[in-house]
Amino acid sequence: MDKLSVMTAFRRIVERGSFARAAEDLGVSPALLSREVKLLEESLGTVLLTRTTRSMSLTDAGQIYYDEATGILDAVSQVETRIRDGAGAIRGHLKVNASSSFGQTVIAPMLPGFLDAYPDLRLTLSMDDRVVDMVEGGFDVSIRIRAAMPDSALVARKLGAMRQQVFAAPSYLERVGHPLSPQDVPNHRVIGFLLADHLTTWTLHSPSETVTLDLDPTIRVGNSLVLRDLLISGQGIGTLPDFVSKDPVARGELVRILPEWELPAPEIFAVTASRLGMDAKVTAFLDHLRGALRP
């Protein structure tokens, strides 16, 4: 049994959610993939996938195998790419897409160091708060912030997670007062992010309980940097990701309210159109980005 081939097949089955779709991607028959997974399970002495006529899901052992296999395959791919391209031979045109807020607050500050390290590289950074078509746009990598990535032909690699908390300006709180519990939030002027899953519904978690609030934001904007600036100006209360809130909180322009509560933490993904999209320039960019994301 070729372990790397089996790992590749298993990973594709999980990511595509179907033996048939994975087989089409790999250019083999579904029966062959089914046989390989059965042999793999027999060799490991455990079930990795539970299947019915309508659905498929990972067992606990299957999740462990998938996570470890993904790490191994990515590491092998990176080693092969770096050797193939040669040390320091990172050149060509790198096209990156990200949201406006993430691009301006996280990517832009790291770009001088990245570009200094790879002077032969051309870079296009597109910032769009809506999800773009990577193939149509010709992007090498897109940075997306989601609770989870939907099943698609795209390949998503998790870079990290962010915290989503509630903030207001000291001037607003002096004028209106502090909300003391989640139930006080509807009595305040809420500023909402149009593209967020939680525009009209906030699910707040504390160490001991969860509260869901149905809201009708007075102000709705489609850019989290505009939302940040409205909060700083004392226009109301709203939620911000930590990479947007960090600096204004440090400067005293914003205050975290309901400090025991926060919203579910979305994850930061690097998305490529296929595994072949992880060439040397994409790998180098993501290495720098991971460094920028470290606390």
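The structure under discussion appears in the preceding block.
Values in this document were obtained by computation on a predicted structure and should not be read as measured data. (Residues numbered from 1 in each chain as written. Predicted model: local features only at pLDDT ≥ 70, side-chain atom pairs only at ≥ 80, totals over all residues. Heavy atoms only, no water.)

### Here we look at the packing of aromatic side chains
We describe a pair of aromatic rings using the distance from one ring centre to the other and the angle between the two ring planes. The full count for this structure, using the stated rule, is 4 aromatic pairs. Ring centres of F102 and F243 lie 5.2 Å apart, and the angle between their planes is 85°; this geometry places the pair in the edge-to-face category. Linking F102 in helix α5 (residues 100–117) with F243 in helix α9 (residues 242–250), this pair joins segments that are 141 residues apart in sequence. A single burial state applies to F102 and to F243, both of which are buried. (Phe/Tyr/Trp six-rings, centres within 6.5 Å; stacked < 30°, edge-to-face > 60°. Helix = DSSP H or I, 4+ residues; strand = E, 2+ residues; numbered from the N terminus. Buried < 20%, exposed > 50% of the residue type's maximum accessible area, 1.4 Å probe, protein only.)

### Looking at α9
Residues of α9 that are buried include every one of F243, V244, S245 and P248, and no others. Where α9 is buried, its residues touch α5, β5 (141–146), β7 (164–168), α8 (224–232) and β12 (237–241). Once α9 ends, the next one or two residues include G252, with phi positive near 80°. (Contact = heavy atoms within 4.5 Å.)

### Regarding the sheet that holds strand β13 (residues 255–256)
In spatial order, the strands read β12-β7-β13; together these 3 strands make up an open sheet with antiparallel pairing. Each edge of the open sheet carries a strand with a single partner, namely β12 and β13. Sheet analysis places β7 next to β13, joined by 2 bridges and oriented antiparallel. Note on β13: the bridge partner recorded for F167 is R256. Taken strand by strand, α8 contacts β7 and β12, and its axis lies near 135° from that of β12. (Pairing = 2+ DSSP bridges. Axes fitted to C-alpha atoms, helices over the stretch in contact; angles between N-to-C directions.)

### Examining the side chain of D140
For D140, the position within the fold is in the loop between α6 (134–137) and β5. No salt bridge is formed by the buried D140; its nearest oppositely charged neighbour, K281, is found at 4.2 Å. A distance of 2.8 Å separates a polar side-chain atom of D140 from the backbone nitrogen of K95. (Lys, Arg positive; Asp, Glu negative; His and termini not counted. Salt bridge = Lys/Arg side-chain N within 4 Å of Asp/Glu carboxyl O. Polar contact = N/O pair within 3.5 Å; in protein donor to acceptor, adjacent residues only side chain to side chain.)

### Some thoughts on the pattern of salt bridges
Tallying each qualifying case throughout the model produces 13 salt bridges. Residue R12 is joined to D25 by a salt bridge in which the shortest nitrogen-to-oxygen separation is 3.9 Å. Of this pair, R12 sits in helix α1 (residues 3–16) while D25 sits in helix α2 (residues 19–26); the two residues are 13 residues apart in sequence, bridging distant segments of the chain. With its nearest N and O atoms 2.8 Å apart, the salt bridge here joins K158 to E267. Remark: E267 occurs in strand β14 (residues 267–272) and K158 occurs in strand β6 (residues 155–161); sequence separation between them is 109 residues. Judged by its relative accessible area of 22%, E267 falls in the partly exposed class. Members of the salt-bridge network, linked through shared partners, are R11, E15, D74 and R157.

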